[in-house]
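Listed here are the chains, written in short residue letters.
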Amino acid sequence: MSRSDLTRLTMAAARDGLARKDFTAVELAEAHVAAMEAARQLNAFVTETPELAVDRARAADARLAKGEGGAMEGLPIAMKDLFCTEGVRTTASSHILENFIPPYESTVSANLKKAGAVMLGKTSLDEFAMGSSNMTSHFGPVENPWKRKSDPKAKLVPGGSSGGSAAAVAARLALGATGTDTGGSIRQPASFCGIVGIKPTYGRCSRWGIIAFASSLDQAGPMARTVRDVSIMLGAMAGHDPKDSTSAPVAVPNFEAALTGDIRGLKVGVPKEYRPDGLSSEVETLWNDGIAMLKDAGATPVEISLPHTKYALPTYYIVAPAECSSNLARYDGVRYGLRVEGKTLDEMYAKTRAAGFGKEVRRRILVGTYVLSAGYYDAYYAKAQKVRRLIADDFAKAFQSVDVILTPTAPSAAFAIGETDDNPVTMWLNDVFTIPTSLAGLPGLSLPTGLSTDGLPLGLQLIGRPFDEETVLKVAEVMEKAAGFTAVP
Ligand code: GLN
């Protein structure tokens, strides 16, 4: 097989090819390393680890030769640069951690390594995962491999914050990649780059060793090119971890086995609050087409109401900054990361943090500190926590009568780098459809089902009951077949 054939495989096909000895894990890794090096203009990787990849691939070949090997033995993947990787620089795309080399491995990346996955490098993200465009990375914006038909020269954003991972998978630089999602950071870039991404239920994957943004929302998940591939990868990433007190002590099902192709009799909720004024007509059409596909497959669409949806965005932008201001207090120039000297200890703190954090991160810390301060805590933070509960209750009520919920993933297709105005709230609106799920802790998957009139991918979101990723994946696979999305960038 040629190198470009190898990079076009799905994970499932690569797994079968390795088992049949059609090619070796080293050949597969080398093909992806070459692709990664040839696509540097995308700026998807902060750090490439080609030697490590080939070493791990060699070890995978040795295990495969003995008939051993895990669920992802020899499969090349990219790792979002928010997962601490032992001995490999981990930056969160921030200047403050630019030279940080963790002495330990995150649980999720350790699980993937144990399953035999081969890490190609660390992918760029919005600084500390705060953003929807990958434009806030200290290492510069990432480019989406997709182009507008009308203006092929315009450089588009890959979405964010897991933009480097999404671009790498879409551009065939990796078979899959890890992402993290706090308010949409797996699903929105998956939608912008025409790939599949799932944010599992909060607690499904351990947060241990993932650089924290907002701890009650952060969740790791897989990004890949098919529903089967994210099922394989999620199975390898997930599992209870005593080192994370919010990791759920539940067994990891065989997600691939859930892909039965049979969704007859399932009820699919269609929330009426997800049709805001100004929703683009192509997104609306995509959504209606998705509903029709599920109906054709024997499921029943049901209109539902999630009445507190309109409060989700303001609630998130209180809760997430509050938690971020607390989590980011540890970057003080004392223990690790950047230090800018000052005449006094206080001056050293201030100078370090002013130099180390970018504008968006500083904005979040300011908002977070404000909403947590004495006098405002009850008015903002405590109130937001109450509204968060109402949003979660809306979903719980809906799931008494439906099995899964279908919505658009994002209000638009990918936009161009530098096209959005300077208003941060416009950027925050990108996650209007993904944030409610995050606040409720539910699993949400984005699947590409069509192209915009300008030739860009558009995704639909499936939301499930807590710890029912199986139904989400099953429905997604049926829709994947029906949509037949085969376009490539
Ligand atoms: N875009 C959202 C934010 O900036 C979500 C980011 C994320 O999920 N990490 O907070």
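Here, every reference points to the structure presented above.
Participant: With reference to specific residues and values, describe the pairing of strand E3 (residues 118-123).
Facilitator: Across the six residues that make up E3, a large majority, six, are buried. As defined by bridge partners, strand E1 (residues 45-48) adjoins E3 across three bridges and the pair is classed as antiparallel. The partner of Phe-45 across the bridge, within E3, is Thr-123. Where strand E2 (residues 76-80) lies against E3, four bridges are found, and the strand directions are parallel. Opposite Pro-76, over in E3, you have Val-118 as the bridge partner. Handedness of the crossover joining E2 and E3 through helix H5 (residues 107-114) is recorded here as right-handed.

Participant: Explain the side chain of Ser-206 to me, and be specific about the residues and the numbers.
Facilitator: Among the secondary structure elements, Ser-206 is positioned in the loop between strand E5 (196-199) and strand E6 (219-224). Judged by relative accessible area, which is 1%, Ser-206 ranks as buried. Polar side-chain contacts of Ser-206 include one of 3.0 Å to the backbone nitrogen of Trp-208. Among the polar contacts made by the side chain of Ser-206, one reaches the side chain of Asp-241 at a distance of 2.6 Å. Residues in contact with Ser-206, not counting those within four places in the same chain, are Thr-107, Val-108, Gly-239, Asp-241 and Asp-244.

Participant: Would you mind going over the packing of aromatic side chains in detail, with residue names and values included?
Facilitator: All chains considered together, the criterion is met by 14 aromatic pairs. Ring geometry for Trp-146 versus Phe-485: centroids 6.3 Å apart, planes at 45 degrees, classification tilted. Highlighted residues: Trp-146 in the loop between E3 and helix H6 (163-170) and Phe-485 in the segment after helix H16 (469-483), separated in sequence by 339 residues. The residues Trp-146 and Phe-485 share a single accessibility class, namely buried. Among the aromatic residues, those joined into a ring-pair cluster are Phe-100, Phe-128, Tyr-331, Tyr-336 and Phe-357.

Conventions adopted
- Residues numbered from 1 in each chain as written.
- Predicted model: local features only at pLDDT ≥ 70, side-chain atom pairs only at ≥ 80, totals over all residues.
- Heavy atoms only, no water.
- Buried < 20%, exposed > 50% of the residue type's maximum accessible area, 1.4 Å probe, protein only.
- Helix = DSSP H or I, 4+ residues; strand = E, 2+ residues; numbered from the N terminus.
- Pairing = 2+ DSSP bridges.
- Right-handed = clockwise from strand over helix to strand, strands pointing away.
- Polar contact = N/O pair within 3.5 Å; in protein donor to acceptor, adjacent residues only side chain to side chain.
- Contact = heavy atoms within 4.5 Å.
- Phe/Tyr/Trp six-rings, centres within 6.5 Å; stacked < 30°, edge-to-face > 60°.

Worth remembering: the numbers are spatial, not functional.
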